[in-house]
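Structural features, examined
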Amino acid sequence: GDVAARRMGERRLISGLRASGEEFPAEASISKIDVRGERIYTVVLRDISERQRAEQASQFLARAGEMLAGSLDASRTLENVAQLALPLLGDGCMIFLVEDGDVHRALTAHRSRTRTAEMFRLREIPFLMKPAHPVTPALSEGRSSLAAHLTDADLQALADDAEHLGIMRSLNPRSMLAVPLKTRGNVLGALCFFFDANRARAHDQHDLELAEELARRVSLALDNARL
(Lines give C-alpha, C1' and ligand atoms only; values in the text may rest on other atoms or scores of the structure.)
Protein backbone atom coordinates (compact mmCIF):
# COMPACT_ATOMS: atom_id res chain seq x y z
CA GLY A 1 0.00 0.00 0.00
CA ASP A 2 0.86 3.70 -0.01
CA VAL A 3 1.15 4.00 3.80
CA ALA A 4 4.78 4.30 4.84
CA ALA A 5 4.21 3.68 8.55
CA ARG A 6 1.60 2.61 11.09
CA ARG A 7 1.85 3.93 14.63
CA MET A 8 1.81 1.79 17.76
CA GLY A 9 -1.75 0.70 18.51
CA GLU A 10 -3.09 1.97 15.19
CA ARG A 11 -3.82 -1.50 13.87
CA ARG A 12 -5.76 -4.28 15.58
CA LEU A 13 -4.23 -6.36 18.34
CA ILE A 14 -2.01 -9.19 17.19
CA SER A 15 -0.47 -12.22 18.87
CA GLY A 16 3.22 -12.65 19.50
CA LEU A 17 5.00 -15.93 20.16
CA ARG A 18 7.59 -16.38 22.91
CA ALA A 19 10.55 -18.72 22.56
CA SER A 20 8.72 -21.06 24.96
CA GLY A 21 5.84 -21.36 22.48
CA GLU A 22 3.47 -19.26 24.61
CA GLU A 23 1.35 -16.72 22.74
CA PHE A 24 0.92 -13.20 24.11
CA PRO A 25 -1.22 -10.18 23.09
CA ALA A 26 0.72 -7.37 21.44
CA GLU A 27 0.53 -4.04 19.69
CA ALA A 28 2.81 -3.21 16.79
CA SER A 29 4.20 -0.28 14.86
CA ILE A 30 5.52 -0.90 11.35
CA SER A 31 7.38 1.24 8.83
CA LYS A 32 8.91 0.68 5.41
CA ILE A 33 11.67 2.44 3.55
CA ASP A 34 13.26 1.88 0.14
CA VAL A 35 17.07 1.96 0.12
CA ARG A 36 18.91 1.52 -3.17
CA GLY A 37 16.11 -0.53 -4.65
CA GLU A 38 15.67 -2.70 -1.53
CA ARG A 39 12.57 -2.41 0.65
CA ILE A 40 13.23 -2.63 4.39
CA TYR A 41 10.50 -3.14 6.96
CA THR A 42 10.93 -2.28 10.64
CA VAL A 43 8.49 -3.66 13.20
CA VAL A 44 8.33 -2.86 16.90
CA LEU A 45 6.21 -5.11 19.13
CA ARG A 46 4.87 -4.13 22.53
CA ASP A 47 3.78 -6.89 24.92
CA ILE A 48 0.51 -5.70 26.48
CA SER A 49 -0.14 -8.78 28.66
CA GLU A 50 0.05 -6.84 31.93
CA ARG A 51 -2.12 -4.00 30.66
CA GLN A 52 -4.71 -6.44 29.36
CA ARG A 53 -4.74 -8.34 32.67
CA ALA A 54 -5.18 -5.08 34.60
CA GLU A 55 -8.13 -4.12 32.39
CA GLN A 56 -9.68 -7.57 32.80
CA ALA A 57 -9.24 -7.40 36.58
CA SER A 58 -10.89 -3.98 36.77
CA GLN A 59 -13.86 -5.11 34.69
CA PHE A 60 -14.09 -8.37 36.64
CA LEU A 61 -14.26 -6.62 40.04
CA ALA A 62 -16.81 -4.13 38.74
CA ARG A 63 -19.05 -7.01 37.60
CA ALA A 64 -18.47 -8.78 40.91
CA GLY A 65 -19.65 -5.74 42.84
CA GLU A 66 -22.83 -5.49 40.78
CA MET A 67 -23.59 -9.21 40.89
CA LEU A 68 -22.93 -9.67 44.61
CA ALA A 69 -24.99 -6.62 45.53
CA GLY A 70 -27.95 -8.01 43.62
CA SER A 71 -28.95 -10.67 46.17
CA LEU A 72 -29.17 -11.11 49.94
CA ASP A 73 -29.54 -14.88 49.62
CA ALA A 74 -26.36 -16.67 50.74
CA SER A 75 -26.81 -19.64 48.37
CA ARG A 76 -27.39 -17.35 45.42
CA THR A 77 -24.34 -15.32 46.38
CA LEU A 78 -22.13 -18.44 46.21
CA GLU A 79 -23.55 -19.43 42.83
CA ASN A 80 -22.84 -15.92 41.54
CA VAL A 81 -19.20 -16.23 42.65
CA ALA A 82 -18.64 -19.45 40.71
CA GLN A 83 -20.46 -18.11 37.65
CA LEU A 84 -18.35 -14.96 37.67
CA ALA A 85 -14.90 -16.35 38.53
CA LEU A 86 -14.70 -19.20 36.02
CA PRO A 87 -12.69 -19.41 33.83
CA LEU A 88 -10.75 -16.23 34.70
CA LEU A 89 -9.54 -17.44 38.10
CA GLY A 90 -9.72 -21.16 37.49
CA ASP A 91 -11.17 -24.09 35.64
CA GLY A 92 -12.65 -25.35 38.89
CA CYS A 93 -13.95 -23.64 42.00
CA MET A 94 -14.61 -24.89 45.53
CA ILE A 95 -16.20 -22.70 48.19
CA PHE A 96 -15.72 -23.77 51.80
CA LEU A 97 -17.88 -22.44 54.64
CA VAL A 98 -17.51 -22.61 58.41
CA GLU A 99 -20.86 -23.30 60.06
CA ASP A 100 -21.34 -24.24 63.72
CA GLY A 101 -17.61 -24.97 63.97
CA ASP A 102 -17.60 -27.42 61.07
CA VAL A 103 -16.06 -26.89 57.63
CA HIS A 104 -17.72 -28.19 54.49
CA ARG A 105 -17.62 -27.64 50.75
CA ALA A 106 -20.71 -25.51 50.24
CA LEU A 107 -20.34 -25.26 46.48
CA THR A 108 -18.26 -26.84 43.74
CA ALA A 109 -18.23 -25.86 40.07
CA HIS A 110 -16.25 -26.44 36.90
CA ARG A 111 -16.25 -24.55 33.62
CA SER A 112 -16.70 -27.85 31.73
CA ARG A 113 -20.06 -29.61 32.03
CA THR A 114 -18.33 -32.97 31.62
CA ARG A 115 -16.77 -32.42 35.07
CA THR A 116 -20.04 -31.66 36.87
CA ALA A 117 -20.43 -35.15 38.38
CA GLU A 118 -16.86 -35.21 39.72
CA MET A 119 -17.22 -31.75 41.26
CA PHE A 120 -20.50 -32.78 42.89
CA ARG A 121 -18.82 -35.87 44.37
CA LEU A 122 -16.17 -33.60 45.88
CA ARG A 123 -18.90 -31.71 47.73
CA GLU A 124 -19.97 -34.91 49.49
CA ILE A 125 -16.50 -35.70 50.89
CA PRO A 126 -15.83 -34.38 54.43
CA PHE A 127 -13.01 -31.86 54.60
CA LEU A 128 -10.29 -32.92 57.06
CA MET A 129 -8.15 -29.74 57.21
CA LYS A 130 -4.97 -31.58 56.14
CA PRO A 131 -1.86 -29.36 56.51
CA ALA A 132 -0.88 -29.78 52.84
CA HIS A 133 -4.19 -28.45 51.52
CA PRO A 134 -4.03 -24.77 50.45
CA VAL A 135 -7.42 -24.17 52.07
CA THR A 136 -6.18 -25.13 55.54
CA PRO A 137 -4.15 -21.94 56.23
CA ALA A 138 -6.97 -19.87 54.75
CA LEU A 139 -9.42 -21.33 57.28
CA SER A 140 -7.17 -21.74 60.32
CA GLU A 141 -5.03 -18.60 59.97
CA GLY A 142 -6.96 -16.36 57.60
CA ARG A 143 -3.97 -16.51 55.23
CA SER A 144 -3.95 -16.94 51.45
CA SER A 145 -1.85 -19.66 49.83
CA LEU A 146 -0.73 -20.59 46.33
CA ALA A 147 0.46 -23.96 45.03
CA ALA A 148 1.82 -23.07 41.59
CA HIS A 149 3.01 -26.48 40.36
CA LEU A 150 1.14 -29.46 41.74
CA THR A 151 2.60 -32.96 41.42
CA ASP A 152 0.97 -36.32 42.07
CA ALA A 153 2.78 -36.40 45.43
CA ASP A 154 1.11 -33.09 46.28
CA LEU A 155 -2.30 -34.52 45.39
CA GLN A 156 -1.68 -37.50 47.65
CA ALA A 157 -0.72 -35.18 50.50
CA LEU A 158 -3.82 -33.00 50.23
CA ALA A 159 -6.38 -35.73 49.46
CA ASP A 160 -8.78 -36.54 52.29
CA ASP A 161 -9.23 -40.19 51.27
CA ALA A 162 -8.81 -42.58 48.35
CA GLU A 163 -11.99 -41.37 46.65
CA HIS A 164 -10.85 -37.76 46.92
CA LEU A 165 -7.45 -38.67 45.47
CA GLY A 166 -9.08 -40.43 42.52
CA ILE A 167 -11.24 -37.41 41.73
CA MET A 168 -8.31 -35.01 41.98
CA ARG A 169 -6.20 -37.17 39.68
CA SER A 170 -9.04 -37.19 37.18
CA LEU A 171 -9.41 -33.39 37.37
CA ASN A 172 -5.60 -33.14 37.03
CA PRO A 173 -5.01 -29.70 38.57
CA ARG A 174 -1.89 -27.83 37.47
CA SER A 175 -2.06 -25.16 40.18
CA MET A 176 -4.33 -24.19 43.05
CA LEU A 177 -4.90 -21.11 45.21
CA ALA A 178 -7.03 -20.45 48.26
CA VAL A 179 -8.07 -17.18 49.90
CA PRO A 180 -10.00 -16.67 53.15
CA LEU A 181 -13.48 -15.25 53.45
CA LYS A 182 -13.35 -13.10 56.55
CA THR A 183 -15.18 -10.14 58.02
CA ARG A 184 -15.14 -8.37 61.38
CA GLY A 185 -12.28 -10.59 62.49
CA ASN A 186 -14.10 -13.84 61.77
CA VAL A 187 -13.24 -16.42 59.09
CA LEU A 188 -16.45 -17.35 57.28
CA GLY A 189 -14.82 -19.80 54.87
CA ALA A 190 -12.52 -19.84 51.86
CA LEU A 191 -12.49 -19.64 48.08
CA CYS A 192 -10.37 -22.22 46.27
CA PHE A 193 -9.61 -22.23 42.52
CA PHE A 194 -7.56 -24.56 40.36
CA PHE A 195 -6.29 -24.53 36.78
CA ASP A 196 -6.14 -27.91 35.10
CA ALA A 197 -3.07 -29.27 33.33
CA ASN A 198 -4.38 -28.25 29.91
CA ARG A 199 -3.85 -24.59 30.77
CA ALA A 200 -0.88 -22.85 29.16
CA ARG A 201 -0.03 -21.22 32.48
CA ALA A 202 -0.31 -21.76 36.22
CA HIS A 203 -1.65 -19.39 38.86
CA ASP A 204 0.64 -16.53 39.80
CA GLN A 205 0.74 -13.65 42.30
CA HIS A 206 -1.57 -11.54 40.13
CA ASP A 207 -4.24 -14.23 40.28
CA LEU A 208 -3.84 -14.50 44.05
CA GLU A 209 -4.27 -10.76 44.52
CA LEU A 210 -7.34 -10.70 42.29
CA ALA A 211 -8.86 -13.63 44.21
CA GLU A 212 -8.21 -11.76 47.48
CA GLU A 213 -10.07 -8.71 46.15
CA LEU A 214 -12.96 -10.94 45.10
CA ALA A 215 -12.96 -12.62 48.53
CA ARG A 216 -13.33 -9.23 50.27
CA ARG A 217 -16.47 -8.52 48.27
CA VAL A 218 -17.84 -12.03 48.77
CA SER A 219 -17.23 -11.85 52.53
CA LEU A 220 -19.20 -8.62 52.80
CA ALA A 221 -22.04 -10.05 50.69
CA LEU A 222 -22.20 -13.22 52.81
CA ASP A 223 -22.11 -11.23 56.04
CA ASN A 224 -24.95 -9.02 54.83
CA ALA A 225 -26.95 -12.05 53.72
CA ARG A 226 -26.57 -13.68 57.12
CA LEU A 227 -27.50 -10.49 58.95
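Residues numbered from 1 in each chain as written. Predicted model: local features only at pLDDT ≥ 70, side-chain atom pairs only at ≥ 80, totals over all residues. Heavy atoms only, no water.

1. A look at the overall build of the chain
Check the secondary structure of the chain and you find 7 helices and 9 strands. Its C-alpha atoms give the chain a radius of gyration of 22 Å, clearly above 17 Å, the size a compact globule of 227 residues would have. Principal-axis analysis of the C-alpha atoms gives the chain an extent of 80 × 40 × 30 Å. Split into buried and exposed, the 227 residues of the chain put 41% on the buried side. In the chain, the proportion of contacts linking residues at least 24 apart, taken out of those at least 6 apart, comes to 60%. (Helix = DSSP H or I, 4+ residues; strand = E, 2+ residues; numbered from the N terminus. Rg over C-alpha atoms; globule rule 2.2 N^0.38 Å. Buried < 20%, exposed > 50% of the residue type's maximum accessible area, 1.4 Å probe, protein only. Contact = heavy atoms within 4.5 Å.)

2. Focus: the pairing of strand β4 (residues 38-47)
Where strand β3 (residues 23-35) meets β4, 10 bridges bridge the pair, whose relative direction is antiparallel. Bridging from a neighbouring strand, Ile33 pairs with Ile40 of β4. Counted between consecutive antiparallel strands, the loop separating β3 from β4 contains 2 residues, among which Arg36 sits at a positive phi close to 50°. (Pairing = 2+ DSSP bridges.)

3. A few points about the environment of Leu181
Within the fold, Leu181 resides in strand β8 (residues 173-183). When its relative accessible area of 0% is taken as the criterion, Leu181 is described as buried.

4. A short note on the sheet that holds β8
With antiparallel pairing, 5 strands are arranged side by side in an open sheet as β6-β5-β9-β8-β7. What marks the edges here is a single partner per strand, and that holds for β6 (102-110) and β7 (145-147). The mean inter-strand angle of the sheet, taken between neighbouring strand axes irrespective of direction, is 15°. The pairing of β8 with strand β9 (residues 186-196) spans 10 bridges and is classified as antiparallel. (Axes fitted to C-alpha atoms, helices over the stretch in contact; angles between N-to-C directions.)

5. Examining the side chain of His164
With respect to the element layout, His164 can be found in helix α6 (residues 162-171). On the accessibility criterion, His164 (1% relative accessible area) is buried. Setting aside its immediate chain neighbours within four residues, His164 contacts Arg105, Leu122, Ile125, Leu158 and Ala159.

6. Here's the deal with the confidence of the model for the chain
On average, residues of the chain score 90 in pLDDT, and 100% of them are at 70 or above. Considering each helix and strand of the chain separately, the mean pLDDT is smallest for strand β1 (residues 5-6), with a value of 76, and largest for β8, with 96. (pLDDT = per-residue confidence, 0-100.)

7. Brief notes about the pattern of salt bridges
Throughout the structure, instances matching the rule amount to 20 salt bridges. With its nearest N and O atoms 3.5 Å apart, the salt bridge here joins Arg18 to Glu22. For Arg18, a relative accessible area of 30% corresponds to the partly exposed category. Several salt bridges converge on common partners, so that one network encompasses Glu27, Arg46, Arg51 and Glu55. (Salt bridge = Lys/Arg side-chain N within 4 Å of Asp/Glu carboxyl O.)

8. As for the environment of Leu107
Turning to its location among the elements, Leu107 is positioned in strand β6. Its relative accessible area of 10% is what places Leu107 among the buried residues. In this view, Leu107 contacts Leu78, Glu79, Ala82, Cys93, Met94, Ile95 and Arg123; residues no more than four positions away in its chain are not counted.

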